[in-house]
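Each chain, written out:
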Amino acid sequence: MTAQQTDAPDQEDSGVAPASSTNVAADSTVKPVGEEKEVIATGGALYNDGSIDYAPAGVQFAVQSQDTGAGVKSIYVWVDNSAMQTNTAPIGFNAEGRHSIAFQVEDNVGNLSAMKTYSFIMDTTAPEVKIISAFKGIQMTNGVYVPADNKFMIIAQDKLSGVKSIEYAIDGGAMQTYNENILLTEKSGMHTIVYRAADNVGNIGGTMTNVFYIDGTAPVVNIGSDPAAFSKDGVNFISGKASIVITAKDADTDVVSIMYYIDNGEAAQYSYPIKLSGGEHTVKAMAIDAVGNESQLAEYKVSVDASDPSAYVEAEK
Ligand SMILES: [Ca+2]
Ligand SMILES: [Ca+2]
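Fair warning: this is a prediction, and the values are worked out from it, not measured in the lab.

**Student:** Please set out the side chain of Asn 236 residue by residue, giving values where relevant.
**Tutor:** With respect to the secondary-structure elements, Asn 236 resides in strand S22 (residues 235–239). With near-sequence residues (within four places) excluded, Asn 236 lies in contact with Ala 229, Phe 230, Ser 231, Tyr 300, Lys 301, Val 302 and Ser 303.

What follows is the structure, given as structure tokens:
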């Protein structure tokens, strides 16, 4: 059948007065496809990435023909690898992937046009989309915690027509276009980011949901002693055998580090117990939680009384 194309004479040599006919019903929604104006698409917008057209599911193609002479008699098409058919209706496709329509037009006096082929890629799959947290969240029993200044990135991939847009919304707000990393401005507590992506032929993925918690509060640090100090005249007295004890609690996540300083010395990692020499001392401490929040420096002044009391007997005279 394909040998017919070599027989096609040049239509301009027909010498017949100009007249035209078309066998495709006019449709105000039709659009030319690529450079092959003979093929038009209906039922969905096409996208061209510079090398080939992409079409969504449901698209149909019609072959337009025109003859400035005796008029068009038939359009012959070869759809993908199927046998030649006389085309009478728009051509639809089911499978995702590359397709082709080869076509040839015959006029009423037996002239055949050259065979042309239109190729496109059907894209029926929405992009895959995922969200990535800059801070690797801390898993607690009620959920995953991130710091208040965390950033989220949304990444979408589409293997055919490509990603056109990503949208997201925070805490039930309006969907907005994703252009750059999402920088949180929310406060401690539970939050939700919903997000989705669309490809260039209009396939929109399902809405994904990311639930997370913000830990925006630093631990609370307390410095004391074991046994407890004896307070006298506003001074905390402990014996040389007592230990300095530092505790820290975090409302949302865990305390991962407690640093302490004695008398403005070098910072050290706290481990129980701390023993002090006799005299006046100042102990300072700070704690860091699992998402990196640092507490204020807590301060504790203590007087270590390392001398045993003495007892004496006074002789009566
Ligand atoms: Ca796609
Ligand atoms: Ca915290």
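What follows picks up the thread again.
**Student:** I'd like a rundown of unusual backbone geometry, residues and numbers included.
**Tutor:** Each neighbour pair has its own omega, and for Asp 226 with Pro 227 the value is -5 degrees, a cis peptide bond. Position of Pro 227 relative to the elements: it lies in the loop between strand S20 (220–226) and strand S21 (230–232). Residue Pro 273 is bonded to the preceding Tyr 272 through a cis peptide linkage, with omega at -5 degrees. Mapped onto the elements of the fold, Pro 273 is located in the loop between strand S25 (268–269) and strand S26 (279–289). Of note, the phi angle at Asp 263 is positive, near 50 degrees, even though the residue is not glycine. As for its position among the elements, Asp 263 is in the loop between strand S24 (255–262) and S25. One non-glycine residue, Asn 264, lies in the positive phi region at around 60 degrees. With respect to the helices and strands, Asn 264 occurs in the loop between S24 and S25.

**Student:** Which residues make up the packing of aromatic side chains, and what values go with them?
**Tutor:** Taken as a whole, this structure holds 10 aromatic pairs when the rule is applied. Their ring planes at 85 degrees and their centres at 6.3 Å tell us that Tyr 260 and Tyr 270 sit as a pair that is edge-to-face. With a gap of 10 residues between them, Tyr 260 in strand S24 and Tyr 270 in the loop between S25 and S26 connect regions that are remote in the sequence. Each member of the pair, Tyr 260 as well as Tyr 270, is classed as buried. A connected cluster of aromatic rings, assembled from ring pairs, spans Phe 61, Phe 93, Tyr 118 and Phe 120.

**Student:** How would you summarise the nonpolar core if you had to cite specific residues and measurements?
**Tutor:** Membership of the largest hydrophobic core comes to 20 residues, with the highest contact counts inside it found for Val 221, Ile 223, Ile 244, Ile 246, Tyr 270, Ile 274 and Leu 276. The next biggest cluster of nonpolar side chains, apart from the first, holds 18 residues, and it includes Val 39, Phe 61, Val 105 and Met 122.

**Student:** Before we move on, could you go through the environment of Ile 258 and cite the residues and values that matter?
**Tutor:** Locating Ile 258 in the fold gives a position in strand S24. For Ile 258 and Glu 294, which are 36 residues apart along the polypeptide, the C-alpha to C-alpha distance reads 9.7 Å. If we skip the residues at most four places from it in the chain, Ile 258 touches Ile 246, Ala 248, Ala 268, Gln 269, Tyr 270, Met 286 and Ala 287.

**Student:** Just give me the short version of the coordination of the calcium ion (ligand 2), but keep the residues and values in it.
**Tutor:** The coordination sphere of the calcium ion (ligand 2), as far as protein atoms go, consists of Asp 215 (OD), Asp 215 (OD), Thr 217 (O), Asp 250 (OD), Asp 250 (OD) and Asp 289 (OD), spread over 2.1 to 2.5 Å. Sequence spacing of the donor residues for the calcium ion (ligand 2), all on one chain, is D-x1-T-x32-D-x38-D. Taken together, the residues Asp 250 in the loop between strand S23 (243–249) and S24 and Asp 289 in strand S26 connect sequence positions 39 residues apart. Just as Asp 250 is buried, Asp 289 falls in that class too.

**Student:** Outline the coordination of the calcium ion (ligand 1), listing residues and values.
**Tutor:** Ligation of the calcium ion (ligand 1) by protein atoms is provided by Asp 123 (OD), Asp 123 (OD), Thr 125 (O), Asp 158 (OD), Asp 158 (OD) and Asp 199 (OD), these donors lying 2.3 to 2.6 Å from the ion. Around the calcium ion (ligand 1), the six donor atoms are arranged such that angles at the metal cover 53 to 166 degrees; this shape is classified as irregular. Asp 199 gets classed as buried once you look at its relative accessible area, which sits at 1%.

**Student:** Tell me about the sheet that holds S21, and name the residues and values.
**Tutor:** Spatial strand order, S21-S22-S27-S26-S24-S25: six strands in an open sheet with mixed pairing. What marks the edges here is a single partner per strand, and that holds for S21 and S25. Where S21 meets S22, three bridges bridge the pair, whose relative direction is antiparallel. The residue of S22 that forms the bridge with Phe 230 is Phe 237.

Cut-offs used in this document
Residues numbered from 1 in each chain as written. Chains lettered and ligands numbered in written order. Predicted model: local features only at pLDDT ≥ 70, side-chain atom pairs only at ≥ 80, totals over all residues. Heavy atoms only, no water. Helix = DSSP H or I, 4+ residues; strand = E, 2+ residues; numbered from the N terminus. Contact = heavy atoms within 4.5 Å. Phe/Tyr/Trp six-rings, centres within 6.5 Å; stacked < 30°, edge-to-face > 60°. Buried < 20%, exposed > 50% of the residue type's maximum accessible area, 1.4 Å probe, protein only. Core = buried A, V, L, I, M, F, W, Y, C linked by side-chain atoms within 4.5 Å. Donors = N, O, S within 2.8 Å, 3.2 Å for Na, K, Ca; no water. Tetrahedral: all angles 85-135°; square planar, octahedral: opposite > 155°, others 65-115°. Pairing = 2+ DSSP bridges.

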